[in-house]
Amino acid sequence: MKNIYRLKVYFVFCFLGTVMLYNQKAYAQTDYQPYSFQLSDKLGKDLYSISTDLHTSIKPYIITQSSPLRQGYDSIMNRGVDTTRRGLVVRKIFNEHLLEVKNPDYTFYFDYLPDLLIGRDFKDKINTSLNTRGYQAGGTIGSNIYFYTSGFENQGKFPNYLNQYVLETRMVPGQAYDFNGGVGSKDWSYVTSIIGYSPSSTINIEAGVDKTFIGDGYRSMLLSDFASNYPMIRLKIDLAKNVRYMVMWAYMQDQTAPKLDTLPHAPNRIKWGVFHYVDWNITNRASIGFFNAMIAPGNYDNGSSHGFDVNYINPILFTKSAGPSGPIPDNTLIGFNAKYKVFNKAIVYSQYIYDQLAANGNSKQGFQLGLRGADLLNINGFNYLFEFNTSKPYNTSTQYTLVNYTDLNEPLSHPFGSNFKELVGILSYSLGRFDFRGELDYAKYYLDLATLYQGNGILFPDITSQYSTTTPGQNTSFKYAQGTISYLINPKYNLRLEAGATFRDEGNSQYNSKTMLINFGLRSTFRDLYTDF
């Protein structure tokens with residue numbers, strides 16, 4: 001596994017080397033940021049204005065000089081900046097990137113990213129901490145090429161429910177493999193790296209290690225950013241004025257499937273993902289998107305290769321595997337995404353995902369319905385989201401765990417997996433340099449029994465013999481509340497002082513787990529670090 005991270009770091013230096021060697025005489029400002037709900041939320045008034053027809057459901061966004069998001073993005077990046085500050089050290093701390101170069105041939109910036117937290121779980125009487133040292137660098141070359149990279153080396157001590165998650169999956173949620181295997185303090189590292197090329201205003205291609213998010217909500221039932229980064233190639237084409245097509249080819253891994261090598265530390269099994277999405281802005285208010293995903297094994301259990309499948313390059317949606325047949329069939333999912341601007345800066349949105357029939361003949365599907373907007377009650381910077389999500393048992397899983405809709409044991413869609421109902425609400429408010437955020441989450445789900453899988457954990461196979469005719473699993477309730485307040489120091493990389501409180505309660509007739517956590521520290525970046533599951 002460590003070799004994977006060495007390869008990722010090697011990739012970063014390779015493409016940065018290419019960047020330094022390439023030169024062309026042009027200038028244009030293009031900014032790339034990995035997807036973050038927090039940053040997207042701050043752009044809400046521009047994203048969901050009735051005067052724009054942006055393709056809002058394909059994330060991350062690319063902020064070009066002519067983008068309708070440019071003014072709002074620049075305002076976020078310069079929030080609270082005092083131009084009267086003259087000293088170099090003071091400017092670097094409060095106003096600017098650590099390093100920054102702008103000229104007609106290329107642009108470049110670099111930042112050091114600390115994320116230092118200490119906390120206390122008063123329920124279990126344990127101390128928590130996060131010690132992260134990171135970096136980010138980005139820039140452009142001429143008018144067509146842009147790049148971004150960030151990396152994080154981390155150690156941490158978590159509340160017990162997160163410790164249990166890491167122990168079961170060996171993954172720090174949404175980030176990386178824990179080098180300590182989920183035992184004791186956690187130690188992990190990961191990178192994000194993207195290089196993009198736009199030969200015209202209608203075509204964009206990106207390659208690197210990152211994530212893609214499809215949807216307009218906080219969660220996504222189609223493709224979310226909950227799992228860790230994966231190597232991928234992403235192509236976006238504007239087929240017409242109001243139609244955008246996206247296809248992504250991804251290289252993923254599975255820790256659950258039997259290894260092909262019996263030696264210690266044998267590599268994980270490989271699988272490939274192909275994701276198609278077409279977004280059609282019917283009017284400035286209404287849009288609909290069509291989604292198709294296919295997960296294919298790299299090799300079968302006997303070691304033979306899966307072989308080439310024409311659907312790896314097939315641009316037509318809703319087609320099943322047309323490649324060579326084998327003992328493990330590809331897993332194909334289809335879905336839809338829709339939004340409607342009910343008012344200026346306010347939308348109703350929805351998603352639907354359909355998997356193949358379950359082993360017992362029942363349908364496997366998921367659904368989302370939500371409302372979100374900006375400037376609630378005409379208060380500038382007061383944003384809101386209310387969302388309902390639900391999924392049938394075994395949705396996105398198959399009889400063969402290798403092609404389940406996961407990467408490195410983490411779901412590619414909703415973090416609850418399947419067999420759940422969830423309500424989530426988020427309010428956020430910005431005032432000067434202060435940010436306030438509150439979240440409430442309530443869910444019901446049926447946990448898998450000790451000897452019988454009931455379709456909640458999608459790492460397990462969908463097999464008829466595992467179904468029970470008498471019980472749907474452990475009826476479990478989930479309650480989560482979190483509030484944070486932060487004071488912005490430097491807007492260029494969201495350097496801030498932050499304090500937060502978290503309450504979590506998960507229980508059923510067999511057990512109850514509670515967390516009452518308070519933490520504070522020095523944080524940076526807009527990255528999403530999910531703990532609400």
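Small disclaimer: the values here were computed from a predicted structure and weren't measured. (Residues numbered from 1 in each chain as written. Predicted model: local features only at pLDDT ≥ 70, side-chain atom pairs only at ≥ 80, totals over all residues. Heavy atoms only, no water.)

Following the criterion strictly, the structure yields six cavities of 30 Å³ or more and no others. Considered as a void within the structure, the largest cavity measures approximately 330 Å³ in volume. Looking at the largest cavity, it is lined by 25 residues, and the ones nearest its centre are Pro34, Tyr35, Thr192, Arg527 and Asp528. For the lining of the largest cavity, the elements supplying multiple residues, two or more each, are strand S7 (145-157) and strand S10 (186-200). Per-element accounting of the lining of the largest cavity gives the leading share, three residues, to S7. Grouping the constituent residues of the lining of the largest cavity by class yields 10 nonpolar, nine polar and six charged. Split into classes, the residues belonging to the lining of the second largest cavity amount to nine nonpolar, three polar and two charged. (1 Å grid on protein atoms, 1.4 Å probe; cavity = no way out; pocket = protein on both sides within 12 Å on 5 of 7 lines; lining within 4 Å. Points joined across faces, edges and corners; volume = space filled by probe spheres on them. Helix = DSSP H or I, 4+ residues; strand = E, 2+ residues; numbered from the N terminus. Nonpolar A, V, L, I, M, F, W, Y, C, P; charged D, E, K, R; others polar.)

Tracing the chain through its elements places Ile63 in strand S3 (residues 62-64). Once the C-alpha coordinates of Ile63 and Asp31 are considered, the two residues, 32 residues apart in sequence, prove to be 5.0 Å apart.

What follows covers the pairing of strand S26 (residues 495-507). Of the strand pairs in this sheet, strand S25 (residues 474-490) and S26 are connected by 13 bridges, and their pairing is antiparallel. Its bridge partner being in S26, Lys479 is matched across the sheet by Asp505. One ladder, built from 12 bridges, connects S26 with strand S27 (residues 512-523); its direction is antiparallel. Pairing of Ala499 across the sheet is with Phe520, part of S27. (Pairing = 2+ DSSP bridges.)

This part covers the side chain of Asp355. Mapped onto the elements of the fold, Asp355 is located in the loop between strand S18 (346-354) and strand S19 (365-373). In contact with Asp355, other than residues within four places in its own chain, are Asn331, Thr332, Leu333, Lys364, Tyr394, Asn395, Thr396 and Ser397. (Contact = heavy atoms within 4.5 Å.)

Below, the discussion takes up the pairing of S25. Where strand S24 (residues 434-447) meets S25, 14 bridges bridge the pair, whose relative direction is antiparallel. When the sheet's bridge partners are listed, Ala443 is paired in S25 with Phe478. Between S25 and S26, which pair antiparallel in sequence order, lie four residues; one of them, Asn494, sits at a positive phi of approximately 55°.

Its place among the elements puts Tyr300 in the loop between strand S16 (286-297) and strand S17 (331-343). Assessed through its relative accessible area of 4%, Tyr300 is described here as buried. When the C-alpha atoms of Tyr300 and Pro327 are compared, they prove to be 7.0 Å apart, with 27 residues separating the residues in sequence. (Buried < 20%, exposed > 50% of the residue type's maximum accessible area, 1.4 Å probe, protein only.)

This part is about the packing of aromatic side chains. One pass over the full model with this rule turns up 28 aromatic pairs. Ring geometry for Phe226 versus Phe533: centroids 5.4 Å apart, planes at 80°, classification edge-to-face. In this pair, Phe226 sits in the loop between strand S12 (213-214) and strand S13 (230-240) while Phe533 sits in the segment after S27, placing the two residues 307 residues apart along the sequence. The class of Phe226 is buried, set by a relative accessible area of 2%. Taken together, the ring pairs connect Phe37, Tyr161, Tyr165, Tyr218, Phe226, Tyr530 and Phe533 into an aromatic cluster. One Lys or Arg, Arg219, reaches over the ring of Phe416 and ends 5.8 Å from the middle of that ring. Above the ring of Phe152, the side-chain terminus of Arg527 is found at 4.1 Å from the ring centroid. (Phe/Tyr/Trp six-rings, centres within 6.5 Å; stacked < 30°, edge-to-face > 60°. Lys NZ or Arg CZ within 6 Å of the ring centre and 35° of its normal.)

Once that is clear, we can look at the pattern of salt bridges. Under the counting rule described, the total for this entry stands at 24 salt bridges. Across the pair Asp435 and Lys42 runs a salt bridge, and its minimum N-O distance is 3.0 Å. Pair noted here: Asp435 is in strand S24 and Lys42 is in helix H2 (residues 37-42), with a separation of 393 residues, a long-range link. Close ionic contact of Asp254 with Lys271 constitutes a salt bridge, the shortest N to O distance being 3.4 Å. Of the two residues, Asp254 is situated in strand S14 (residues 243-254) and Lys271 in strand S15 (residues 269-281); the sequence distance between them amounts to 17 residues. Among the residues examined, Asp254 registers a relative accessible area of 1% and is labelled buried. The structure contains a network of salt bridges with shared partners spanning Asp115, Arg496, Glu498, Arg523 and Arg527. (Salt bridge = Lys/Arg side-chain N within 4 Å of Asp/Glu carboxyl O.)

It is worth spelling out helix H4 (residues 70-77) at this point. One turn of the α-helix equals 3.6 residues, which is why residues spaced by three or four share an orientation. Where H4 is concerned, the buried positions are Arg70, Gly72, Tyr73, Ile76 and Met77. All buried residues of H4 project into a common sector of 165° when viewed along the axis, lining one side. Buried-residue contacts for H4 involve strand S1 (30-32), H2, helix H3 (44-47) and S3. (Arc of directions from axis to C-beta.)

Bringing the nonpolar core into the picture now. Counting 78 residues, the largest nonpolar core has Leu223, Tyr230, Met248, Phe275, Phe291, Tyr405 and Leu412 as its most contacted members. With nine residues, the next largest nonpolar core counts Leu235, Tyr245, Val278 and Tyr312 among its residues. (Core = buried A, V, L, I, M, F, W, Y, C linked by side-chain atoms within 4.5 Å.)

Its place among the elements puts Lys125 in the loop between strand S5 (106-121) and strand S6 (126-141). Sequence separation of Lys125 and Met516 is 391 residues, and the distance between their C-alpha atoms is 9.4 Å.

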